[in-house]
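One letter stands for each residue in the lines below.
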Amino acid sequence: SQQSCKPPSSLELQNICPFPPEPYIVLPSKGKGLGVFARTNLPAGTIILRETPILTIPPPIIKKGAGYPMPAISSAVRAEFRNLPSSSQSEILTLHHHAFPGEPEKGEGWTDILGYIFRTNAYNTGTNIGLFPRIARINHSCRPNAAYTWNARSGQRIVYASRAIEAGEEISDSYISLLLPRAERRKRLARYGFECTCEACSLAGKKLKESDDRRMEIASAFKMLEDSVQSNLTVAFSTSSSQMKEARLAANQSMHLLSLLEREQLADYYAKAYRAVAVSHARVQDWEMASVWANKGFERRVMEDPGSSWTVEMAEMTRSFIEEWKKELGQGGD
Ligand SMILES: C[S@@+](CC[C@H](N)C(=O)[O-])C[C@H]1O[C@@H](n2cnc3c(N)ncnc32)[C@H](O)[C@@H]1O
């Protein structure tokens, strides 16, 4: 009919468009090649990207101190690459690669480039390692505003805003563990061929030392809390006075850990810290704190993946702590 030939109004388009426009755009990023930028304000928890790997290989055997076994990586990648449609091959070949001076760029024609592309861009996919051409455009920061998770059920890597991101801001994630001092982070980032100049790496003098010390302290606080946080929570209430003293110390330590993380703005570790706060307060039977922080941990896990075992665990924990809190308030449990 005549009516169906008319272009749809924007409202109609909104109603029929199965996917909203992407919340990000790929643009040049000063000194970093291409980068990914927020198109609009992205509140914490916004899913920025979900992507299925275009190519995966089993993880290579890494000999300590011997660096990446590039010949093994190159040949595994090459074997998979050959089976891909040409559009996927072209997409992979557009990705950035870093090779160290002296590394052969053209051992076996362009195929060696594939190994370098893989080394520069690959991420874990649970048991394997894979290439995600869209996620691969995200640059690194040691104080990132986005984080990622591997969703084994959908076979997708999910990138989400780990804190609020403003329109126009560059979206960054982390390629390495962030609980390391700058010198150590630099060593680990060397394989990507850049020296990080993020906010945290640009600190100097006293401020740099404070940041380095905080990151080391966070790592040791997590380690200290690990034992008490990983074991079965519901049974291990502290009974003896020495146990109670230890449990109180752990609860205080967990709050200190949280303040260090907030000072460093390391949102990647918030969920783990919220869990530690919740569990250590359950140990001293402070049910209000335990419930509030378990719920915060649950909300963080939902951001990453609503159906993950971590999310389910935090939901159950929150429920059981709230039950205890209600009993304490004399409202009885369900
Ligand atoms: C996974 S790619 C990221 C996307 C890349 N910028 C591009 O143009 O495709 C990794 C490469 O990006 C660059 N890069 C990533 N983070 C950076 C940073 N914080 N500072 C400078 N360069 C960075 C480095 O060249 C690195 O080898």
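See the structure shown above.
Within each chain, residue numbers correspond to sequence positions counted from 1 in written order. Only residues with pLDDT of 70 or above have their local features reported here, since the model is predicted, and side-chain atom pairs are shown and tallied only from 80 upward, although totals for entire chains, interfaces and linings are computed over all residues. Note that the side-chain values use all heavy atoms of the structure and ignore hydrogens as well as water.

What follows deals with the overall build of the chain. Secondary structure elements are taken from DSSP: a helix is a run of H or I of four residues or more, a strand is a run of E of two residues or more, and numbering for both begins at the N terminus. Assigned secondary structure in the chain consists of 11 helices and 11 strands. Between buried and exposed lies partly exposed: a residue is buried under 20% and exposed over 50% of the maximum accessible area for its type, with that area taken using a 1.4 Å probe on protein chains only. Here the chain, with 334 residues, has 44% of them falling under the buried criterion. When checking whether two residues touch, look at their non-hydrogen atoms; a contact exists if any pair is within 4.5 Å. Here the contacts in the chain between residues at least 6 apart in sequence split such that 67% fall between residues at least 24 apart. Carbon and sulfur atoms make up 55% of the accessible area of the chain, which totals about 18,100 Å². Accessible surface area values rest on a Shrake-Rupley calculation with a 1.4 Å probe, where residue burial reflects the displayed protein chains alone.

Two strands pair under a simple rule: DSSP has to find at least two bridges between them. Spatial strand order, 4-7-6: 3 strands in an open sheet with antiparallel pairing. Across the chains shown, the open sheet's two edge strands, defined by having one partner strand only, are strand 4 (55–57) and strand 6 (123–125). In this sheet, adjacent strand axes meet at a mean angle of 40° when their direction is disregarded. Pairing between strand 4 and strand 7 (residues 128–131): 3 bridges, direction antiparallel. What sits directly across from I57, in strand 7, is I129. For helices, the fitted axis covers only the stretch in contact; all axes are lines through C-alpha atoms, and the angles between them, taken along N-to-C directions, range from 0 to 180 degrees.

Right, let's talk about the side chain of R300 for a bit. Mapped onto the elements, R300 comes out in helix 10 (residues 287–304). Here the positive residues are Lys and Arg and the negative ones are Asp and Glu; neither His nor the chain ends is included. The working definition used for a salt bridge is a side-chain nitrogen of Lys or Arg within 4 Å of a carboxyl oxygen of Asp or Glu. Lacking a salt bridge, the buried R300 has E304 as its closest oppositely charged neighbour, with an N-O distance of 6.8 Å.

A few words on the packing of aromatic side chains. The geometry of an aromatic ring pair is captured by two quantities: the separation of the ring centres and the angle between the planes. Within 6.5 Å between ring centres, the rings of Phe, Tyr and Trp (the latter by its six-membered ring) count as paired, and their orientation is classed by plane angle as stacked under 30 degrees, edge-to-face over 60, tilted in between. Scanning all chains against the criterion turns up 8 aromatic pairs. A ring pair is formed by F132 and W150, whose centres lie 6.3 Å apart and whose planes are at 70°; its orientation type is edge-to-face. Linking F132 in the loop between strand 7 and strand 8 (139–140) with W150 in strand 9 (residues 146–151), this pair joins segments that are 18 residues apart in sequence. Judged by relative accessible area, which is 0%, F132 ranks as buried. Within the aromatic cluster, the residues linked to one another by ring pairs are Y175, Y192 and F194.

Okay, unusual backbone geometry next. The backbone of Q265 shows a phi angle near 50°, a positive value even though the residue is not glycine. Judged by its relative accessible area of 30%, Q265 is partly exposed. Phi angles above zero are rare outside glycine, and Q285 is one such case at about 55°. The class of Q285 is partly exposed, set by a relative accessible area of 36%.

A separate point is the site of the ligand. It suffices for a single heavy atom of a residue to lie within 4 Å of a molecule or strand for the residue to be listed as near it. Near the ligand, the surroundings consist of 15 residues, among which K32, L34, R137, N139 and Y192 are the closest. Separating a nitrogen atom of the ligand from a backbone N or O atom of H140 is a distance of 2.8 Å. Side-chain atoms alone can form a polar contact between residues adjacent in sequence; in general such a contact is a pair of N or O atoms within 3.5 Å, and within protein one must be able to donate a hydrogen while the other accepts it. The separation between an oxygen atom of the ligand and a polar main-chain atom of Y192 is 2.5 Å. The set of elements that each furnish at least two residues to the shell around the ligand consists of strand 2 (33–38), helix 5 (111–121) and strand 8. Partitioning the shell around the ligand into residue classes produces 6 nonpolar, 7 polar and 2 charged. For this classification, the nonpolar set comprises Ala, Val, Leu, Ile, Met, Phe, Trp, Tyr, Cys and Pro, the charged set comprises Asp, Glu, Lys and Arg, and every other residue, Gly included, is treated as polar.

This part takes up the state of the cysteines. To count as a disulfide, a pair of cysteine sulfur atoms needs to be within 2.5 Å. Following the criterion strictly, the structure yields 0 disulfides and no others. C142 takes part in no disulfide bond, and the closest cysteine sulfur, belonging to C201, lies 3.6 Å away. Using a relative accessible area of 0% as the deciding quantity, one classes C142 as buried. Lacking any disulfide linkage, C196 is separated from the closest cysteine sulfur, that of C198, by 3.6 Å.

This part is about the packing of helix 8 (residues 241–264) against helix 9 (residues 270–283). Axis separation between helix 8 and helix 9 bottoms out at 8 Å; the angle between their running directions is 160°. With respect to helix 9, the element helix 8 is oriented roughly antiparallel. Taken as a pair, helix 8 and helix 9 cross one another with a handedness that is left-handed. Where helix 8 abuts helix 9, its residues A247, A250, A251, S254, M255, L257, L258, L261 and E262 lie against Y270, A273, Y274, A276, V277, S280, H281 and R283. Of the residues belonging to the contact of helix 8 with helix 9, the class tally is 12 nonpolar, 3 polar and 2 charged. Roughly parallel covers angles under 35 degrees, roughly antiparallel covers those over 145, roughly perpendicular covers 65 to 115, and oblique covers all other angles. A clockwise turn of the near helix away from the far one marks a right-handed crossing, whereas an anticlockwise turn of less than a right angle marks a left-handed crossing.

Worth remembering: the numbers are spatial, not functional.
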